[in-house]
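Listed here are the chains, written in short residue letters.
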Amino acid sequence: MKLPTIKSLYGRIFAIFWLTLLLVLIAVLAAQQADPRQQHELPVSSKIKLQKMADNISNRLFSMHGSLEDNLEKVQRNLSERGGIKLYFTNLEGEVYNQRQHHGGSRTLKNFTSIADDPNNPQQRLYGRWMLAGPFLVDDGQSEALMYVGRMWREAPPFYAQILDKPFQLLLVTMVVSTPLLLWLAWALSRPARRMQAAAERVAEGRLDIDPSLEKGPREFRQAGASFNQMVTALNQMISGQQRLLSDISHELRSPLTRLRMANALAIRKQGESPELSRIDTEAERMEQMIADLLALSRMQLNSHAGRETYTLEELWLTLLEDAEFEAEQHNKALTYQAIPSASIEGNGPLLCSALENVVRNAIKYANHNVDVVFTVSGRELKVVVSDDGEGVPQEMLADIFRPFYRVSTARDRASGGTGLGLAITDSAMRQHNGKAEASLNDKGGLTVTLVFGLINTAK
């Protein structure tokens, strides 16, 4: 197995984990160093004050008679517990003088004197409520002894000392210390994932653009981003190949159809009109229109990612509805539509126009008298509902009318004209804009087609 590196995803997780533990360890050690219950060097001010006291005691010992131990006991009785302090004396080997006066504190005193025995480097340490400091050298001119000073500690325990004494609080502090690092780690890991998500959403919308930012970040995400960009490149190449194929198909199919119609026209001119020749011309014209519609559908599916802009709904559909209203009047029908909402949408303009135009013209063709167009904006969603009062479609066929070339056996059959691709173009356009097209029967017995668009921006 390869060792983790800082450029890899699992290497960064490993590094952050150990860095968090290191910071917590440093914080705990720093707190212990400042804990008065740990042994520390005596502050300079206290050192000067206690050294002066030791010098005064030495001066008194010079004027006293008797052994050093007896004289120190007298000094201890006179000075101890004045100003909340206690004095303790030991010989240079650390044996405590007058132990009977210390009672239960002798063990504490022995502990401190065993770790603080250098008068050139006095120490201090907190035991319970007593702070011990020392040693300081005292002498009577002939013998020497060590002085230790104890005083009552009246201050509250430091905050960090309280934390160290309570595991639950220590755990909370550890969590607080590690939270910024973990947040940074989560942000660093989610950022390339969000870039990948945004790129996938763009591809889903039909925008096949290479994103160089995907190839940044941890090694695993860089590799995934490079593969994603390779996929987009392959899709673009495939689309370009299909476009060339469509162009070739268009040329190869239309050329013989054109020659067929020209030959049929010459035959009519020479032989005159006949039902057979008229049928040939009608079917050739219908085939040419079908090829044109099929190529248009294919081009829309391939080129939907190109030419995407932001349009207001009014500039996108107002002219279309006005033309449809005029067309309905020519067929003695009425088309009514509500005021178009003040909102905008991003997408392929011609494709969005075709989506609504095919539905509206389909409704005009099959309506008996009336066609209604209703716009509804809810949040960032737009619904366009187109209803007619025609004969409708059988309930079981509603889900199939958006399929290419699908026909029903009612008035909406091939005799009415068309190629059966109009609603298929609408459905393709909706899917390419993250929307959907739905069909249902209305209370008038006619067909209602609902177009649902997402990501609508309401104009302010």
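Scroll up to find the structure.
The following paragraphs examine the structure supplied in this document. Note that the structure is predicted; figures quoted are calculated from it, not measured.

Parameters at a glance
- Residues numbered from 1 in each chain as written.
- Predicted model: local features only at pLDDT ≥ 70, side-chain atom pairs only at ≥ 80, totals over all residues.
- Heavy atoms only, no water.
- Helix = DSSP H or I, 4+ residues; strand = E, 2+ residues; numbered from the N terminus.
- Buried < 20%, exposed > 50% of the residue type's maximum accessible area, 1.4 Å probe, protein only.
- Contact = heavy atoms within 4.5 Å.
- Areas by Shrake-Rupley, 256 points an atom, 1.4 Å probe, with all protein chains shown as cover.
- Axes fitted to C-alpha atoms, helices over the stretch in contact; angles between N-to-C directions.
- Left-handed = near helix turned anticlockwise from the far one by under 90°.
- Nonpolar A, V, L, I, M, F, W, Y, C, P; charged D, E, K, R; others polar.
- Core = buried A, V, L, I, M, F, W, Y, C linked by side-chain atoms within 4.5 Å.
- Parallel < 35°, antiparallel > 145°, perpendicular 65-115°, else oblique.
- Pairing = 2+ DSSP bridges.
- Phe/Tyr/Trp six-rings, centres within 6.5 Å; stacked < 30°, edge-to-face > 60°.
- Expected span 1.5 Å × (residues − 1).
- Arc of directions from axis to C-beta.

1. With respect to the overall build of the protein chain
1) Next: Within the protein chain one finds eleven helices and 13 strands.
2) Next: Across the 460 residues in the protein chain, those meeting the buried criterion constitute 37%.
3) Next: Partitioning the intrachain contacts of the protein chain with sequence separation of at least 6 by distance along the chain shows that 63% fall at a separation of at least 24.
4) Next: Roughly 26,500 Å² of accessible area belongs to the protein chain as shown, and the carbon and sulfur atoms make up 56% of that amount.

2. Notes on the packing of helix α10 (residues 349–366) against helix α11 (residues 422–431)
Pairs of packed helices are described in terms of their axes, by the angle between the two and the distance that separates them.
1) Next: The contact between α10 and α11 brings their axes to 8 Å, and the two run at 145 degrees. When the axes of α10 and α11 are compared, the crossing they make is left-handed. Facing Leu351, Ser354, Ala355, Asn358, Val359 and Asn362 of α10, the residues of α11 in contact are Gly422, Leu423, Ile425, Thr426, Ala429 and Met430.
2) Next: Taken together, the residues that form the contact of α10 with α11 break down as seven nonpolar, five polar and no charged.

3. Things to note about the nonpolar core
1) Next: Trp317, Leu356, Val360, Val384, Val386, Leu451 and Phe453 are the most contacted members of the largest nonpolar core, which has 41 residues in total.
2) Next: Of all elements in the fold, only α9 (313–330), β8 (343–348), α10, β9 (370–378), β10 (381–388), α11, β11 (436–441) and β12 (447–453) reach the threshold of two or more residues within this core.
3) Next: Looking at which element gives the most residues to this core, the answer is α10, with eight residues.
4) Next: Leave out the neighbours within four places in its chain, and Val360 touches Leu321, Ala324, Leu335, Val373 and Val386.

4. So, the packing of α9 against α10
1) Next: For the pair α9 and α10, interaxial distance at closest approach is 10 Å and the crossing angle is 20 degrees. Between α9 and α10, the angle falls in the class roughly parallel. α9 and α10 meet at a crossing whose hand is right-handed. Within the contact between the two elements, α9 uses Leu316, Trp317, Leu320, Leu321, Ala324, Glu327 and Ala328 and α10 uses Gly349, Leu352, Cys353, Leu356, Glu357, Val360, Arg361 and Ile364.
2) Next: Across the contact of α9 with α10, the residue classes tally to eleven nonpolar, one polar and three charged.

5. So, the sheet that holds β12
1) Next: An order of β7-β9-β10-β12-β11 is seen for the five strands of this open sheet, with the pairing classed as mixed. Edge positions in the sheet fall to β7 (334–337) and β11, since each has one partner strand and no second. Across the sheet, the axes of successive neighbouring strands diverge by a mean angle of 15 degrees, strand direction being ignored.
2) Next: Here β11 pairs with β12 via six bridges, running antiparallel. Along β12, the bridge assignment pairs Leu441 with Leu447.
3) Next: Sheet contacts for α10: β7, β9, β10 and β12; angle to β10, the most-contacted strand, approximately 20 degrees.
4) Next: The strands that α11 touches are β11 and β12; relative to β12, the one it contacts most, it runs at about 25 degrees.

6. Description of the sheet that holds strand β4 (residues 130–139)
1) Next: Reading across from one edge, β1-β3-β4-β5-β2 is the order of the five strands in this open sheet, with antiparallel pairing throughout. The two strands at the open ends of the sheet, each matched to only one other strand, are β1 (40–41) and β2 (85–90).
2) Next: Sheet analysis places strand β3 (residues 123–127) next to β4, joined by five bridges and oriented antiparallel. The residue bridging Leu126 from the neighbouring strand is Met131, located in β4.

7. Side note on the packing of aromatic side chains
1) Next: Counted according to the given criterion, the structure contains two aromatic pairs.
2) Next: Seen in terms of ring centroids, Trp317 and Phe453 are 5.4 Å apart; in terms of plane orientation they differ by 50 degrees. Their pairing is tilted. On the criterion of sequence distance, the pair formed by Trp317 in helix α9 and Phe453 in strand β12 is long-range, its members being 136 residues apart. Side by side, Trp317 and Phe453 carry an identical accessibility label, which is buried.
3) Next: Three or more aromatic residues joined by ring pairs form one cluster here, namely Trp317, Phe375 and Phe453.

8. Some remarks on the environment of Asp323
1) Next: Mapping Asp323 onto the fold places it in helix α9.
2) Next: C-alpha of Asp323 to C-alpha of Glu357: the two residues are 34 residues apart in sequence and 10.0 Å apart in space.

9. Some remarks on the environment of Leu277
1) Next: Within the fold, Leu277 resides in helix α8 (residues 275–303).
2) Next: Relative accessible area serves as the criterion here: at 12%, Leu277 is assigned to the buried category.
3) Next: For the pair formed by Leu277 and Ala267, sequence separation is ten residues and the distance between their alpha carbons is 7.8 Å.
4) Next: Those residues within four positions of Leu277 in sequence are excluded, and the remaining contacts are Asn264, Ala267, Ile268, Gln271 and Gly272.

10. Concerning the pairing of β9
1) Next: The sheet contact formed by β7 and β9 spans four bridges and is parallel. The residue of β9 that forms the bridge with Thr336 is Asp372.
2) Next: Of the strand pairs in this sheet, β9 and β10 are connected by eight bridges, and their pairing is antiparallel. In the strand pairing of β10, Val377 is matched with Leu382.

11. Some words on helix α2 (residues 44–62)
1) Next: Over its 19 residues, α2 runs 27 Å from end to end, which matches the ideal 27 Å to within 8%, given 1.5 Å per residue.
2) Next: The complete set of buried residues in α2 reads Leu50, Ala54, Ile57, Ser58 and Leu61. Within α2, the buried residues cover an arc of 105 degrees as seen down the axis, which keeps them to one side. When the buried face of α2 is taken as reference, the exposed residues oriented beyond 90 degrees from it are Val44, Ser45, Ile48, Lys49 and Lys52.

12. What about the side chain of Asp427?
1) Next: In this structure, Asp427 sits in helix α11.
2) Next: Exposure remark for Asp427: the relative accessible area of 16% places this residue in the buried category.
3) Next: With near-sequence residues (within four places) excluded, Asp427 lies in contact with Phe402 and Ala437.

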